[in-house]
Amino acid sequence: MQYGRSVRERMMRRLIGIAPCVALGAGLAACSPTNRSDAAVDDVRNLRDGAVMLPSAFESSMPTDATMEAETPDVPMTDSGVPTDVPPADVADSGVVMDTGVDVPSPPPTTNVRFVHALPPGATGAPPAVDFCVRRNGTSDPFTGPLLRAARGGGGPGLSALQVSRYFAVTAGRIDVIAVGGMDADCSTPLLPPMTNLDVGAANGHRTVVVSGVPLPGPDGGAQPFPFAGRVIPDNAPNALAGMSMATQIRVFNAIPSPQRLDLGIVVGMAGLPTDLIPLFFNVGFGEVGRPPPMGDAGQGNYPNGYYQSTPIPSPGVTVGLRANCTVGPCGPMTAVPNIATDAMSITSVFLAIQLRGAMPTPIAIFCRDHLAPVSGVSQCAVLPP
């Protein structure tokens, strides 16, 4: 069924158009599919001249739950072996537990998963709010959810663009996820392609699923260079700093669909020049967790789970800078966010994304205090514009 055939489809087509390769300001760019290596330059020029068209994010309807069920093999059925004899009344009332010979399966182990709504904006603004439904991968189990709706007692607007959900207990191992509308009461109408076979790790862990990328075919129907996916990253548990005095941990994930690789760090000069940036996270590409800068002949360092270990940064804080990756000067322009502070015994996740500022996609940082309790189903995060 093509778009325009239902109210939902018309709304999605209007709300989620993905911008082609356009400048993000200060020398950064976000891109959708192109079939020319110099299309980024042309598209920036076209945007300035008002000639860029913003396509719809979807050109056909998403698979339904019934379609997903048809593609998943059924779990083979076996005889239960339940005895049909009814025990005598005196035995049934005796309080003695009878061994019926039936193996009652234990519930599958669970782990903790949260979601980041980092889809890029469209021609008319942010993508709509979504909610999530999950099930074990490789089964025909019904989907559980929508998760935020259940957490909020059957109501609420779902997860808006640039928000991060609370953690939910889901089956450990591999799961399938579908995104539905933020106000949907069930899991019957996916808004986006299914995210299947996501490995959320062993029991009792913590994982973040970053919903990011462009839900469109690539150039001429080929591979999408920034494909839509649920990208799973391991988290430190929110209480991982317990017993550690004056410790703070911070990490970065790049959800900006762009070929540019980014450096992020501390600005040390008064003028805020690109050469004044001391990178803490170096050469971070789309869909990657930040890595440390090279360390001379010792090679690349290591941040466990992507976390930079540091002492707290007291108020009024420092200025954090973001620029295109630069190994040899002169470096390009830099955007900056002032007054960033970190608390003692804190865990912070920063998700780089884009939002529209007028007609221009602009890089932003979703700055999440992971050690703080969620509020109304969402993590405590702030969107910090550069």
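A brief report on the enclosed structure follows. These numbers were taken from a predicted model, which means no experiment stands behind them.

### Some details on the sheet that holds strand 7 (residues 195-199)
Piece 1. Spatially, three strands are ordered 4-6-7 in an open sheet, and the strand pairing comes out antiparallel. Both outer strands of the open sheet, strand 4 (130-136) and strand 7, are each paired with one neighbouring strand and no more. Here the average twist between neighbouring strands, direction ignored, is 35 degrees.
Piece 2. In terms of strand pairing, strand 6 (residues 174-181) meets strand 7 through three bridges, oriented antiparallel. Each residue of the ladder has a partner; that of I175, found in strand 7, is L198.

### Considerations on the state of the cysteines
Piece 1. Applying the stated criterion across every chain yields a total of three disulfides.
Piece 2. The partner cysteine of C368 in its disulfide is C381, sulfur to sulfur 2.0 Å. What sets the handedness of the C368 and C381 disulfide is the S-S torsion sign, and at about 105 degrees it is right-handed. Here the residue C368 occupies a position in strand 17 (residues 360-369), and C381 occupies one in strand 18 (residues 381-384), the gap between them amounting to 13 residues.
Piece 3. Looking at C368, the relative accessible area reads 0%, which means it is buried.

### Here's the deal with the nonpolar core
Piece 1. In terms of nonpolar packing, the biggest core is built from 23 residues, with F115, F132 and V177 touching the most fellow members.
Piece 2. For this core, the secondary structure elements donating two or more residues are strand 3 (110-117), strand 4, helix 5 (147-151), strand 5 (168-171), strand 6, strand 7 and strand 8 (206-212).
Piece 3. Here F132 is in contact with F115, T144, G145, P146, L147, L159, V177, I178, A179, M195 and V211, once residues within four sequence places are set aside.

### Comments concerning unusual backbone geometry
Piece 1. G145 connects to P146 through a cis peptide bond whose omega is -5 degrees.
Piece 2. Following the sequence through the fold, P146 ends up in the loop between strand 4 and helix 5.
Piece 3. Following S315, the chain continues to P316 via a peptide bond in cis, the omega torsion being 10 degrees.
Piece 4. Topologically, P316 is positioned in strand 14 (residues 313-324).
Piece 5. Residues other than glycine seldom take positive phi values, yet N204 does so here, at roughly 65 degrees.

### Some remarks on the pattern of salt bridges
Piece 1. One pass over the structure, following the stated rule, counts nine salt bridges.
Piece 2. The partner of R251 in a salt bridge is D235, with the nearest N and O atoms 2.5 Å apart. Taken together, the positions of R251 in strand 10 (residues 248-254) and D235 in the loop between strand 9 (229-234) and strand 10 put the pair 16 residues apart, joining distant regions of the chain. For the residue pair R251 and D235, the accessibility class agrees, reading buried in each case.
Piece 3. Linking R323 and D263 is a salt bridge whose minimum nitrogen-to-oxygen distance equals 3.5 Å. Highlighted residues: R323 in strand 14 and D263 in strand 11 (residues 262-267), separated in sequence by 60 residues.
Piece 4. Look at R323 and you get buried, because its relative accessible area is 6%.
Piece 5. Three or more residues joined by partner-sharing salt bridges are found here, namely R114, D235, R251 and D370.

### Things to note about the packing of aromatic side chains
Piece 1. One pass over the full model with this rule turns up four aromatic pairs.
Piece 2. Between the aromatic rings of F281 and Y303, the centroid separation amounts to 5.6 Å while the plane-to-plane angle is 80 degrees, which identifies the pairing as edge-to-face. Separated by 22 residues along the polypeptide, F281 in strand 12 (residues 277-284) and Y303 in the loop between strand 12 and strand 13 (308-310) bring together distant segments of the chain. The pair F281 / Y303 is uniform in exposure class, with both members buried.

### Regarding the layout of surface pockets
Piece 1. Within this model, the largest pocket holds a volume of roughly 410 Å³.
Piece 2. Along its surface, the largest pocket is lined by 28 residues, and I250, L264, I266, V320 and I340 are the ones closest to its centre.
Piece 3. Put simply, the parts of the chain that give the lining of the largest pocket at least two residues each are strand 10, strand 11, strand 12, strand 13, strand 14, strand 15 (334-342), strand 16 (346-357) and strand 17.
Piece 4. Taken together, the residues of the lining of the largest pocket sort by class into 22 nonpolar, six polar and no charged.

### As for the sheet that holds strand 18
Piece 1. Pairing in this open sheet of five strands is mixed, and the strands run 13-10-16-17-18 from one edge to the other. Two strands bound the open sheet, and with one partner strand each, they are strand 13 and strand 18. Across the sheet, the mean angle separating the axes of adjacent strands is 25 degrees when strand polarity is ignored.
Piece 2. Pairing of strand 16 with strand 17 involves 10 bridges; the strand directions are antiparallel.

### Quick notes on the side chain of R114
Piece 1. Residue placement: R114 occurs in strand 3.
Piece 2. Given the relative accessible area of 1%, R114 is considered buried.
Piece 3. Looking at R114, its side chain comes within polar contact range of the side chain of D370, at 3.0 Å.

### Regarding the pairing of strand 10
Piece 1. Across the seven residues that make up strand 10, a large majority, seven, are buried.
Piece 2. Residues T248, I250, V252 and N254 point to one face of strand 10 and Q249, R251 and F253 to the other, with burial holding for every one of them.
Piece 3. As defined by bridge partners, strand 10 adjoins strand 13 across three bridges and the pair is classed as antiparallel. The residue bridging T248 from the neighbouring strand is S310, located in strand 13.
Piece 4. Of the pairings in the sheet, the one linking strand 10 to strand 16 comprises seven bridges and is parallel in character. Each residue of the ladder has a partner; that of T248, found in strand 16, is S346.

Parameters and conventions
Residues numbered from 1 in each chain as written. Predicted model: local features only at pLDDT ≥ 70, side-chain atom pairs only at ≥ 80, totals over all residues. Heavy atoms only, no water. Pairing = 2+ DSSP bridges. Helix = DSSP H or I, 4+ residues; strand = E, 2+ residues; numbered from the N terminus. Axes fitted to C-alpha atoms, helices over the stretch in contact; angles between N-to-C directions. Disulfide = S-S within 2.5 Å. Buried < 20%, exposed > 50% of the residue type's maximum accessible area, 1.4 Å probe, protein only. Core = buried A, V, L, I, M, F, W, Y, C linked by side-chain atoms within 4.5 Å. Contact = heavy atoms within 4.5 Å. Salt bridge = Lys/Arg side-chain N within 4 Å of Asp/Glu carboxyl O. Phe/Tyr/Trp six-rings, centres within 6.5 Å; stacked < 30°, edge-to-face > 60°. 1 Å grid on protein atoms, 1.4 Å probe; cavity = no way out; pocket = protein on both sides within 12 Å on 5 of 7 lines; lining within 4 Å. Points joined across faces, edges and corners; volume = space filled by probe spheres on them. Nonpolar A, V, L, I, M, F, W, Y, C, P; charged D, E, K, R; others polar. Polar contact = N/O pair within 3.5 Å; in protein donor to acceptor, adjacent residues only side chain to side chain.

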